[in-house]
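Observations on the model geometry
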Amino acid sequence: PNDQLGSNGVTALANSNFVIVSGADDAGGVVDAGSVMHINGTTGAQIGSTITGTSGGDMFDGLITGSATGDFHVLGLGQADRNGLVDSGLVRVITQ
């Protein structure tokens, strides 16, 4: 109930699509794992799968940077826990 969709921002991309970042999303039953969704700006349909945190408190806070053409964007997740390292962070390049 407190997933707070878009609470960490909605970023418009150059190709009219957008990215929704929800840091408090209880994704997969994990409290405050967070999620990021890529949405088609024309149809409103989700593109690809939701990117979710894997540990409670990952709080995907997302720094989104899009390319000038909208063909890709870079997602920086500063609080993601990876390989047993708390808050080690994660960067993903997402292409369309």
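The structure under discussion appears in the preceding block.
Another aspect to go through is the pairing of strand β2 (residues 18-22). Along any regular strand, the residues point their side chains to alternate faces of the sheet. Of all 5 residues in β2, 4 are buried; the element is thus mostly enclosed. Relative to β2, strand β1 (residues 10-12) runs antiparallel, the two sharing 3 bridges. Pairing of V10 across the sheet is with I20, part of β2. The hairpin formed by β1 and β2 contains 5 residues between the paired strands, and S16 there has a positive phi angle of roughly 80°. Direction of pairing for β2 relative to strand β3 (residues 35-39): antiparallel, over a ladder of 5 bridges. Counted as the bridge partner of V21 is V36 from β3.

A word on the sheet that holds β1. Strand order in this open sheet of 4 strands is β1-β2-β3-β4, and the pairing throughout is antiparallel. With partners counted over all chains shown, the strands left at the sheet margins are β1 and β4 (46-52), one partner each. For this sheet the average axis-to-axis angle between neighbouring strands, irrespective of direction, equals 15°. Across 4 bridges, β3 lies against β4 in antiparallel orientation. Within β4, the residue paired with I39 across the bridge is Q46.

What counts as what
Residues numbered from 1 in each chain as written. Predicted model: local features only at pLDDT ≥ 70, side-chain atom pairs only at ≥ 80, totals over all residues. Heavy atoms only, no water. Buried < 20%, exposed > 50% of the residue type's maximum accessible area, 1.4 Å probe, protein only. Helix = DSSP H or I, 4+ residues; strand = E, 2+ residues; numbered from the N terminus. Pairing = 2+ DSSP bridges. Axes fitted to C-alpha atoms, helices over the stretch in contact; angles between N-to-C directions.

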